[in-house]
Amino acid sequence: MPKKKISHEEKVRRYRIRTRILTVIGLTVVAGLIVATFFTEGKVDAETYQPAVYATFVAVLPPLAAIILALITKEVYSSLFFGIIIGALLYSNGNLELGLNTMLYKEDAGLISKLSDTWNVGILVFLILLGIMVALMNEAGGSEAFGHWASKHIKTRVGAQLATVVLGVLIFVDDYFNCLTVGSVMRPITDRHQTSRAKLAYLIDATAAPVCIIAPVSSWAAAVTSSVPEDSGINGFSMFLTTIPYNFYALTTLLMIVYITTRKFDYGRMKVHERNALKGDLFTTTARPYGEPNDDEPKERDMKKGKVGHVIDLVFPIITLIACCVLGMVYTGGFFEGESFIDAFANADASKGLVFGSMVTLLISFAFFMIRGTLSFRRFMECVAKGFRLMVAPVLILALAWTLSGMTNLLGLKEFVANLVGGMASSVQIFLPMIIFLVALFLAFSTGTSWGTFAILIPIVCNVFASPETAHMLAISISACLAGAVCGDHCSPISDTTIMASAGAQSDHVNHVSTQLPYAATAAMVSTVGYLIAGIIGYTAESNLAMISLPITLLLMLGTLITIRKVSEKKDASKA
């Protein structure tokens with residue numbers, strides 16, 4: 001077929017975009033080189049060396065540059081890569097040889113080192129296995145059959161979005177599992193009801209980490225429990241339970257998604273995406289990172305290849321996956337060696353447990369589909385390659401994000417934040433919950449990791465509120481740490497959960513980040529006020545009165561959303 005002729009205006013537009021992107025990237029690299037040169041101290045010893053910018057505010061430059069580039073260029077791969085380059089140059093004081101070795105092989109930081117880490121590889125394998133499961137359920141016709149069933153019971157866009165929220169809340173075991181499972185199940189249904197992919201990605205993301213962080217039986221509860229110092233005398237799991245009512249960000253986020261869904265209300269860039277979706281454009285932008293069916297290929301499953309799928313071909317693998325992942329996690333925590341279920345979950349290795357669970361599920365699904373005759377052996381094995389291809393984009397982004405996080409660790413960003421919080425604790429005690437929330441948000445946003453933020457800040461908070469008289473303030477402050485970490489993780493383009501929410505919804509990653517940010521920022525601002533109120537009440541009243549800060553915060557969130565809706569409607573009316 002002859003190529004479509006491109007107009008002169010289109011050529012000029014593309015040239016300007018490319019020029020703008022290259023200019024921004026070039027300026028970013030030059031800025032990194034200038035800063036690195038400014039701090040140069042000559043030759044360095046890679047074994048005993050510490051960079052001149054260690055534990056200073058300059059350590060935030062690599063992730064900040066990557067985030068700004070991603071939002072400007074709308075391209076995440078090169079943005080992460082140049083953030084890594086800047087981090088390596090800062091670490092090496094401009095020594096290019098050391099910088100290159102740092103990027104690739106530095107222990108616990110370089111790209112090769114990150115891809116050699118068993119925990120990281122376990123997560124990648126889990127992603128690929130989930131991709132294979134998604135491909136199997138699609139090929140067997142389970143997703144299509146569920147879509148037909150749902151079309152009879154879910155009649156509206158509101159119903160499709162609420163069903164997504166409910167499913168996201170029900171799958172609370174792990175955020176990675178949540179993102180990909182909810183996306184694969186609900187994507188055909190939300191597409192049918194003209195919900196934008198960006199909105200689907202937000203609903204998935206908002207019911208992933210925010211739900212896991214208030215679920216006692218989840219990989220996140222285990223991470224928080226394990227972050228409590230052993231010599232603190234504090235029972236980690238009991239402490240986690242006391243933090244749930246004070247996790248304002250998670251609770252206000254859940255309130256927000258119910259409100260905007262039932263009131264059919266959106267704002268910011270999400271409003272543009274939703275309006276375009278009603279016109280038939282689910283993506284708004286031209287980016288299609290996960291591809292679309294070719295015009296010469298059938299978009300529906302070819303029923304001649306096998307039997308017509310049934311809902312059980314979707315439901316059975318998902319239920320099996322949930323059960324096996326839970327068993328896999330408690331197995332790694334010693335449940336079958338005599339530990340209690342709660343202790344086993346608290347001590348679980350999430351990466352290993354999820355791999356065990358997904359691998360067993362794949363084997364059970366193989367037997368299930370073979371016995372039912374839904375798939376042939378050849379088609380089953382074809383799905384293995386399809387599932388791997390489906391996860392190439394998130395795997396690449398995760399690898400780069402982990403490396404960028406490694407660069408910030410080498411530059412001492414965690415130590416900088418820890419020193420900042422430790423210095424503030426004695427002088428501003430009454431404002432400490434609010435400060436911890438903001439610091440945790442900043443750290444998680446910059447590094448893209450909630451769990452790393454837990455590990456840094458929870459021991460500090462435990463030391464600040466070590467006396468029995470401040471036990472209730474300990475719960476509030478730990479909650480602030482958890483909420484801030486989830487909020488920063490929710491906002492960050494380099495967060496693995498954000499990346500996998502994009503993958504689950506098959507939405508362009510930059511679209512997901514830019515549309516989600518106004519919603520996350522709204523919940524963050526309300527939560528900041530909530531922690532200020534909780535801190536004041538906690539220090540000036542009895543401990544049981546601190547609980548009134550939750551209903552106050554939720555009412556404040558509801559009032560904020562009502563105000564934004566009225567202002568938005570007023571603007572729309574004035575434009576009409």
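Placed above this text is the structure.
An account of the accompanying structure is given in this report. (Residues numbered from 1 in each chain as written. Predicted model: local features only at pLDDT ≥ 70, side-chain atom pairs only at ≥ 80, totals over all residues. Heavy atoms only, no water.)

Concerning a nonpolar patch on the surface
What counts, and what does not: Residues forming no salt bridge and having over 30% relative accessible area are the ones grouped into patches, like charges within 9 Å of each other and nonpolar side chains (Val, Leu, Ile, Met, Phe, Trp, Tyr) within 5 Å. For the area figures, the Shrake-Rupley method with a 1.4 Å probe applies, and any residue is considered shielded solely by the protein chains shown. Here, a salt bridge means any side-chain nitrogen of Lys or Arg that lies within 4 Å of a carboxyl oxygen of Asp or Glu. Here a helix means four or more residues in a row that DSSP labels H or I, a strand means two or more in a row labelled E, and each is numbered from the N terminus.
A cluster of nonpolar side chains, contributed by Leu327, Tyr331, Phe335, Phe336, Phe341, Ile342 and Phe356, occupies part of the molecular surface with about 650 Å² of accessible area. Of all elements in the fold, only α16 (312–332) and α17 (341–346) reach the threshold of two or more residues within the nonpolar patch. Topologically, leucine 327 is positioned in helix α16.

What to know about the packing of aromatic side chains
Applicable threshold: Stacked, edge-to-face and tilted labels apply to pairs of Phe, Tyr and Trp rings (six-membered ring for Trp) whose centres lie within 6.5 Å, assigned for plane angles under 30 degrees, over 60, and everything in between, in that order.
As enumerated under the stated definition, the model contains 14 aromatic pairs in all. Ring centres 6.1 Å apart and planes at 85° place the aromatic pair phenylalanine 366 and phenylalanine 377 in the edge-to-face group. One end of the pair, phenylalanine 366, is in helix α18 (residues 350–372); the other, phenylalanine 377, is in helix α19 (residues 377–390), with 11 residues separating them in the sequence. Ring pairs connect the aromatic residues Tyr202, Tyr259, Phe265, Tyr267 and Tyr519, which therefore count as one cluster.

Points about the side chain of histidine 193
The test is simple: The contact rule is simple, with two residues in contact once any of their heavy atoms fall within 4.5 Å.
Note on placement: histidine 193 falls in the loop between α9 (175–192) and α10 (197–206). Apart from the residues within four sequence positions on either side, histidine 193 is in contact with Ile154, Lys155, Thr156, Arg157 and Ala160.

Quick look at helix α20 (residues 392–410)
In plain terms, the rule: An expected span of 1.5 Å times one less than the residue number is assigned to each helix. Note on classification: 1.4 Å probe, protein chains only; a residue is buried when its accessible area is under 20% of the maximum for its type, exposed when over 50%, partly exposed between these limits.
Compared with an ideal rise of 1.5 Å per residue, which puts 19 residues at 27 Å, α20 spans 27 Å between its outermost C-alpha atoms and is within 8% of the ideal. By the criterion of burial, α20 is predominantly enclosed, with 15 of the 19 residues buried. Following α20 by one or two positions, glycine 412 has its phi on the positive side, about 80°.

Topic: the nonpolar core
Worth spelling out the cut-off: Only buried Ala, Val, Leu, Ile, Met, Phe, Trp, Tyr and Cys residues count toward a nonpolar core, and they belong to the same one when joined by side-chain atoms within 4.5 Å.
Tyr202, Ile213, Phe437 and Ile458 are the most contacted members of the largest nonpolar core, which totals 142 residues. Per element, the largest residue contribution to this core is 13 residues, and it comes from helix α24 (residues 471–491). Residues contacting isoleucine 213, with those up to four places away along its chain left out, are Trp220, Val224, Phe240, Asn247, Ala250, Phe454, Leu482 and Val486. Counting 13 residues, the second largest nonpolar core, distinct from the first, contains Ile128, Met133, Leu136 and Phe369.

A short note on helix α22 (residues 432–447)
Between the first and last C-alpha of α22 there are 22 Å, a value that for 16 residues agrees with the 22 Å anticipated at 1.5 Å per step. In terms of residue burial, α22 counts as a mostly covered element, since 13 of its 16 residues are buried. Phi turns positive, to about 75°, at glycine 448, one or two residues after α22.

A look at unusual backbone geometry
Residues other than glycine seldom take positive phi values, yet glutamine 194 does so here, at roughly 55°. Residues other than glycine seldom take positive phi values, yet glutamine 506 does so here, at roughly 50°. One can find glutamine 506 in the loop between α25 (496–505) and α26 (509–540).

Considering the environment of threonine 403
Relative to the helices and strands, threonine 403 resides in helix α20. Apart from the residues within four sequence positions on either side, threonine 403 is in contact with Ile84, Met103, Ala109, Gly110, Leu111 and Lys114.

Some remarks on the pattern of salt bridges
When the charged atoms of two side chains with opposite charge come close together, those side chains can pair. By the definition in use, this model includes 11 salt bridges. Of the charged contacts, one joins glutamate 139 and lysine 386 as a salt bridge, the two residues approaching to 3.3 Å between their closest N and O atoms. Placement of the pair is glutamate 139 in helix α6 (residues 118–139) and lysine 386 in helix α19, with a sequence separation of 247 residues. Look at glutamate 139 and you get buried, because its relative accessible area is 11%. A residue is classified by how much of its surface remains accessible, and lysine 386, at 36% relative accessible area, is partly exposed.

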